[in-house]
Structures are given as C-alpha cells and as structure tokens.
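Letter by letter, the chains look like this.
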Amino acid sequence: MDMVQIDHLIHTWDSGLFQLAGSNFLCSTAFAAIVFCVLLCLCVFHNRLRNFIFGNLKWIAISVFLLGVVVYGIGFNDGGSHNNVLVLSLRAVMSSLEMFISKSDLIEVKEEMHHSQIYMSVFSIVHFLAIFISAIFILRLFGLRFLSVLRLWFIGLWGTKKKLYVFWNINDNALAVAESLSKDGALIVFVKLPGETHSHVSRFTFSHFFQTAGDGIEKYADRIERLNRGKNESFIVVSDVDLKMNLQPGSSKKLFRRLGLCNLYKNIRRSSKTDFFFMSDDDKRNLEAVCVIKQVAAADPENVWKNVDVYCCARKNAVNEGLLDEVGLKHHVYLIDSSMLSVLQLKNNVKNHPVNFVARCENGTVSSVFTAMIIGFDEVGRDVLRFLYEFSSFVKSVEKDADGKDDVIEQSREIYVADGKLTELKTEFLVDAPALSDVDSIKWLDGMQVNSMEFWTKIKCMIDSLNYVVITLNDDDEASAIAVRLFELAYRCRKDLSDFKIYVRLKDRYLKWQLDNVGKYKVSVNGKETHIIEAFGVREDLFSYGNISVVSEERYAKEFFYQYDRIYNEIDRHIHGSVRFKDLSDDMETHWNNRRQMRGKELNAIDNDFNIYYKEEQDRSNACHVYTKLALAGVFDTDDGMKRLEHLIAVTSRDEHNEYPNLKSEEDMALFNNLAYCEHLRWNAKMKLMGFVSGERSLRKKTHECILSCNELIYSENDRIARTYDFDKGIVELSFRIGKKWLSK
C-alpha cells in the first residue's frame, strides 16, 4: 500500500464517519470527549491503572513516539517529500520527538489533512498522549503531592472510614514500616516536614505543589507508589512549617491549618483508627514533634485524638519516658527503640531462649551451666545482657534438709561481656542496676579489645563450653567477620555444635542474605540442618508494623496480668483475708488501663509511675517466660506435648482452700515446686535489672524485702514474706493454663 492509497483510505473513513453520525455528529464527538476524560481520570485515580502506567511508562512512551512517526509521515507526504521514505522518516522522527516538549508541526502537514476528521482526531490524541506522558514524568519527580492533595481532598469528603497511618517525615525506617502493612484498605500518608532551610515558608505558592523536588525524597517515589496495592492508598503531602515547641498551635484544627494539612485533619476525624509515626533518625526532633502533638491533644475539647496512637523513634530511658508520660495522649505514645526492637526480635522467637541451650532434667532443674558471650556493649548489648541474665535463671537441684524443708541450689551461669570501651559502658549499666555490681555470673572482660590476641585466646579456652554468642558491633562488616571466625573456631575445636549458636546484629540486609545463603555455615545437628550463625536487627525486619505493634498491643502481657489477678485475689484472700481487686468483671484491656489510672495516695508522681512501670515489666516477662516453664516441664520433649500439658493443668488446679488436692505424686510435686523456685529466681533477676536491691519495701529507695534467695525465702521468720512463695506457684499454675491456650492457636 503506497501513500496515495493511505490518503484515499482516510478520505473514505471520513465519509463513512459523517454518514454514520449524520446530524448528531456534534453529540457523538461530545460523547467521545466525555469517554476520553473518564478514561483519563481512571488513569490518574485508579490504583492499578496508575501503577500499570508508572510501571510501563517507557514502553508507552515508545509506542506513542512510533504512532507519532506514522501520523507525521502521512501528514508530510506532499511536495518535495512525496513518497520519499528517507525524507519522510527523518522529518517524522524529529516532529514526533518534539511532541513530548509540547511542540506541534501541524502547520507543515499537507492542507487536505487539516480537513480530515479522522486524521485530526488521531493527531490530537497522539499529541495529547505525548504531553500527558511528559507531565507524568514531571509529576513523578516533582508533583506527587499534587495528586495526593486531590485524592485526599476527595476521600475526606466522600471516602469511607478507613484506618489511617501517618508518617511524619520520609526515610528508610518509615518506608520499611509502611511496606509491611497489610493490604486491608488503609490510607498511608507521608508528611514531608520542612528542613531548617525552608522552615520560614508560610505562604502558599504554585511551586508548593512541586516542593518534593530537591528534598531528597525522589528516591522513595517508586516505593511510595508501590504502596498503592490491594485496597491501600498512599499519599505524599508537604507541611508548611515544622513541628517545634515554638509553634504555639492552639487547637487541633489550628495546628493542621498552620501546617497546611487541612485535608489530613479531615481524614483523621473520619478514620476508624489513626497511627502516627515519627521515624526520623534524629531522636530529639521526634520527641519535640510528639510533645507538640501531646500539647494539642491535652487541650482538645473535640477529642479528635481518642483513636490516635503515636510511635516515636527514640531511646527508651527514664528521661524520654518521663517526657512522654505527661498529659495528652497518656498511655498512647510508644517509644520505638531500635536496640529494644532488636532484642525483642530475639525474645519473640522462643528458639533463642537460654532454656534451649542447657541440659534439662525431668524434675524442672537444669544440670548444665549456661555460658554466653556478648561482644559489644552498646545499647543493644546491654539489652541482650538484660534478656540473658533474666531468662537464664535456673534451679540446679533441690534436696531436703534436717527440718524437711527444701534446700534449693541455683544453677550457676556465666555471661561474659567484651567491649573496647567496657569500663565506661559498664559503669552506666551498673549505676542503673547496682545489685549486679558484685554478682559472679556476669564476667566483665575489662580492657580486652575484641581484635586482640588476648581476647581470641580467651575464646579458644572456653569455646567448648560456650553456648550463646551475641555480636552487637556498630560495624556490620567487622561483626560478620567475627561471626565467621567464631564459627570456624567452634567447628574445629568443639566436640559438637549442639547447644551452640552465634547471633550477629546486622543492619545491612545484603550481609544477612550472604550469611543465610552460605552453605558451609549450615551444619547437621541431631540429624537436622541448622544455621549456626543467625543475623538479627536488619532494618526491614525491625521496622515492620507487626514488630512495632507488639510494643503497643502487648496482648500476651495484658492477658497474663488479667488472668493472674484472679489467682492473686484467691491467694490474697487466703493469706490476708482481703483482695486487691474487688471488681474483675472488665475486659483485659480495661483492666490494664485501670491499673495505670490507680495512684497511691502516699506516692509522688515519680514513684507512682515507677510502680506501674515495674509491674508492667514483670507482666511482660511473665508472658514471655511461659515457654521456658513449659520447656522445663517437659512439654516439648514428648510426642504428645498437649497431653502432658493437660495433665499438669489437672494436678495444679487449686480448690476453695487455696490448695492443690490433685498434686499427689512426688514427681509432679517436685516439678511444681522447682518451677516455682525458678520463677522466684527470674523475678529476682528482673527486679535487680530494674534497679531494685534487697531491703524494706520502698519505691522511693527501690528496695524490696522479697529479693532473697529461695532458701532465704523458705526460712524467713516473717510469715508474710515466706508465703509469697504461693504467688510464684500461682505464676506457674497460670503459665500451664495460658500456655495451652496459646499453643492451641
């Protein structure tokens, strides 16, 4: 087909189009224009279509370019270019490229095509698509906020109630949390707070729509767009001013007006639940921003904040907790401590608990010494020590003395700590936990550099007895190199690699992938292929919504506290003739919050807050320690662990006299008592880690009369102290019951 035939075909189509439309040609073209506009809106607002366009933008642009070459080739086929393929191709290619910068060469198209409805329609659509693609490229880089403003405005007016996640600032931590969210229909909003260089901007300009340019968030654009998956929708908005204490925002509505985020405010009011995330790398900036939010929430008469939880990335310490515990969103602000999350990752996997690295006996005792090494004593290292010291509290043996009372021997443990700056770091740790200053179980390797010959000589001497190594150095490459060196030493020098593991904290996902996929670090242990080196603390794993929400939900701790207070009441009624809680008809969430509202009349605010803190910490530990008690009870050592657990529940059921009538066999009685002793040792360790020492009970002095060895408790002349052993039994009893419930799930 030559060019003359193409021209004839176009004229034929034009005639057919007029005959088909007849007198309704104007209406027909108007309808076509409406359909085109609808399709265009779908491309902008429909998640799947928009993602398809963004994902295939290169191929769409090439297709439009080739279509432009064809259109211009037909239009230029006149005069000196007539049927000259070389000239037509070159002119058509140049003109087609110019379409993308909004330049048209229509004036050079032969005159007869100007009167062709078909040709001009195709010409206009192709030109529009070229400009539209260019606009998408620009919006992709500079104007994501423009689309977000339109979509948020629309949802704020007509959208359905959804859960709202608001990330105040855009960085890798925020994106990691957002990417871990479920696809159940949530709104995900990223707020770009201005830096110091443009914090003075307060008036609106057209360029405000394109303010994402140059702010360092272009690299996140693709990831944010990919969050438009399932039923989720993501947005970027830009705040006019920063959240600082000198803002003086007034009411909630005024705050969001000052920020230039009125559409966001409307969506917060409409949402079923809102989570705020302050995930900047600057802890002080996060804390200051949260304090502004708390100040507004405290004075809000509309109660806009009743369904808002706030997650603040900062170190969990007394100063920061005290700052965030003031009025306004009280008990709805949660500190997200990366070191705490790292250790939480270890604790939440029961395979990492010390009880799996010792020789367990049938009567609930432990016959081997738990030996650990912590390399690096930064914040993560300190939290690891707290975890291991508490969860490695075991009973070695129990014998009867001349009076027929139990003589309890605690199993020793050895936790070595090495760091080049240990003297300084150890001092900070022991000031907060003075009771641990003279304990034999913590071995401080003062003055020993990790890369020194002295250190590796020490490691070689103890490698056969070492169970648990945790490496928490700031340098990922150095940490992984030490992990590999330790593995090779253990492989050569140990009799076997059972009861031995190396945990290395890595921030880099690629290094974790390397360790996970190197075959030689997997060895056969008891017939199973096992990773001896395990990485933890990777950013994407830490900053996941599931991991972070554990901090706020605390479902297991709340359930344990709720159930235990029923047992506590029964024990308290039998010992003291009174009960602590008269009304236990509420649900576990309400019960947990009610304790937070209780204030002792004789307590100052600092004592009252610490009173709640230490009790909640014990509840968290009790919930996490359930696995250890079940393991010591042999639940996981039989083929039918659930049957074993049901037997233990049956024999530890108390009667109206607060006694255990079914606990008849010596084996069951010894196991029950030994687990109660183990619980007391764990409670002692936790109290010491929180700064308590033995003495007459005083929150102000951080003293408690029950911080005693098991034998001191048994032989105490104070009947009230001696009977507290009943509460340890209550913890064990509940651990069996609640363990069955959790295992069933």
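Coordinates for the structure precede this section.
(A) Local environment of the packing of helix 18 (residues 453-462) against helix 19 (residues 476-493). At a minimum axis separation of 10 Å, helix 18 and helix 19 run at an interaxial angle of 40°. Of the possible angle classes, the one that applies to helix 18 and helix 19 is oblique. In this structure, helix 18 meets helix 19 at a crossing whose hand is right-handed. Where helix 18 abuts helix 19, its residues Trp456, Ile459 and Lys460 lie against Ile482, Arg485, Leu486, Leu489 and Cys493.

(B) Region of the structure containing the environment of arginine 413. Mapping arginine 413 onto the fold places it in strand 10 (residues 413-418). The class for arginine 413 is buried, based on a relative accessible area of 6%. Linking arginine 413 and lysine 443, residues 30 residues apart in sequence, is a C-alpha distance of 9.9 Å. Aside from chain neighbours lying at most four places away, what touches arginine 413 is Val369, Phe370, Tyr389, Ser392, Ser393 and Ser441.

(C) Structural detail: the pairing of strand 7 (residues 370-375). Across the six residues of strand 7, six count as buried, placing the element largely inside the fold. Here strand 7 shows a buried face lined by Phe370, Ala372 and Ile374 and a second buried face lined by Thr371, Met373 and Ile375. Where strand 7 meets strand 10, six bridges bridge the pair, whose relative direction is parallel. Note on strand 10: the bridge partner recorded for phenylalanine 370 is arginine 413.

(D) Molecular detail of the side chain of lysine 501. In this structure, lysine 501 sits in strand 13 (residues 501-505). A relative accessible area of 11% places lysine 501 in the buried class. Engagement of the side chain of lysine 501 in a polar contact is seen with the side chain of glutamate 534, the distance being 3.0 Å. Residue contacts for lysine 501: discarding those within four places in its chain leaves Phe357, Asn467, Tyr468, Val469, Thr530, His531, Ile532 and Glu534.

(E) Representation of the packing of aromatic side chains. By the definition in use, this model includes 37 aromatic pairs. A network of ring pairs unites the aromatic residues Tyr165, Phe167, Phe190, Phe277, Tyr311, Tyr334 and Tyr545 as a single cluster. Just above the ring of tyrosine 389 sits the side chain of arginine 413; from NZ or CZ to the centre is 4.2 Å. Sitting above the plane of the tyrosine 562 ring, arginine 566 keeps its charged end 4.0 Å from the centroid.

(F) Layout of a positive patch on the surface. Taken together, the side chains of Lys253, Lys254, Arg257 and Lys266 present a region of like positive charge at the surface. Take the positive patch: its biggest share by element is three residues, from helix 11 (residues 252-259). Inspection of the secondary structure puts lysine 266 in helix 12 (residues 262-270). Assessed through its relative accessible area of 38%, lysine 266 is described here as partly exposed.

(G) Region of the structure containing helix 9 (residues 172-179). Burial of helix 9 is extensive: six of the eight residues sit out of reach of the surface. Within the sequence span of helix 9, burial applies to Asn173, Ala174, Leu175, Ala176, Val177 and Ala178. Those residues of helix 9 that are buried are in contact with strand 1 (163-168), strand 2 (186-192), helix 10 (221-226), strand 4 (273-278), helix 21 (539-542) and helix 22 (545-553). A distance of 3.3 Å separates the backbone nitrogen of asparagine 173 from a side-chain oxygen at the start of helix 9, and that oxygen is part of asparagine 171.

(H) A look at the sheet that holds strand 2. Pairing is parallel across the open sheet formed by six strands, whose spatial order is 3-2-1-4-5-6. The open sheet is flanked by strand 3 (233-238) and strand 6 (333-336), the only strands paired with a single partner. Neighbour to neighbour, the strand axes of the sheet diverge by 20° on average, direction disregarded. Bridging between strand 2 and strand 3 involves six bridges; their strand directions are parallel. Within the sheet, the bridge partner assigned to phenylalanine 190 lies in strand 3 and is isoleucine 236. Strands strand 1, strand 2 and strand 4 of the sheet are contacted by helix 12, whose axis makes an angle of about 140° with strand 1.

(I) Representation of the sheet that holds strand 10 in the model. What the six strands build is an open sheet, ordered 11-10-7-12-13-16; its pairing is parallel. Strands with a single pairing partner mark the edges of an open sheet, and in this sheet they are strand 11 (442-444) and strand 16 (533-536). Strand-to-strand, the axes of this sheet are offset by a mean angle of 20°, without reference to chain direction. Against the sheet, helix 18 makes contact with strand 7 and strand 10, and its axis sits at roughly 160° relative to strand 7, the strand it touches most.

(J) Structural detail: the pattern of salt bridges. Applying the stated rule across the entire model yields 41 salt bridges. Its salt-bridge partner being glutamate 589, residue lysine 558 comes within 2.8 Å of it at the nearest N-O pair. Of this pair, lysine 558 sits in helix 23 (residues 555-576) while glutamate 589 sits in helix 24 (residues 588-597), placing them 31 residues apart in sequence. In this structure, the salt-bridge partner of glutamate 733 is arginine 654, at a minimum N-O distance of 2.7 Å. Residue glutamate 733 is located in helix 30 (residues 725-744), and its partner arginine 654 is located in the loop between helix 26 (641-651) and helix 27 (666-689); the two are separated by 79 residues in the primary sequence. On the basis of relative accessible area, arginine 654 is assigned to the buried category, the value being 18%. One network of salt bridges, with partners in common, ties together Glu390, Glu554, Glu616, Glu617, Arg620, Lys629, Glu679, Arg682 and Lys686.

Criteria and thresholds
Residues numbered from 1 in each chain as written. Predicted model: local features only at pLDDT ≥ 70, side-chain atom pairs only at ≥ 80, totals over all residues. Heavy atoms only, no water. Axes fitted to C-alpha atoms, helices over the stretch in contact; angles between N-to-C directions. Helix = DSSP H or I, 4+ residues; strand = E, 2+ residues; numbered from the N terminus. Parallel < 35°, antiparallel > 145°, perpendicular 65-115°, else oblique. Left-handed = near helix turned anticlockwise from the far one by under 90°. Contact = heavy atoms within 4.5 Å. Buried < 20%, exposed > 50% of the residue type's maximum accessible area, 1.4 Å probe, protein only. Pairing = 2+ DSSP bridges. Polar contact = N/O pair within 3.5 Å; in protein donor to acceptor, adjacent residues only side chain to side chain. Phe/Tyr/Trp six-rings, centres within 6.5 Å; stacked < 30°, edge-to-face > 60°. Lys NZ or Arg CZ within 6 Å of the ring centre and 35° of its normal. Patch = residues over 30% accessible without salt bridge, like charges linked within 9 Å, V, L, I, M, F, W, Y side chains within 5 Å. Areas by Shrake-Rupley, 256 points an atom, 1.4 Å probe, with all protein chains shown as cover. Salt bridge = Lys/Arg side-chain N within 4 Å of Asp/Glu carboxyl O. Lys, Arg positive; Asp, Glu negative; His and termini not counted. Charge placed at Lys NZ, Arg CZ, Asp CG, Glu CD.

These figures capture arrangement, not role.
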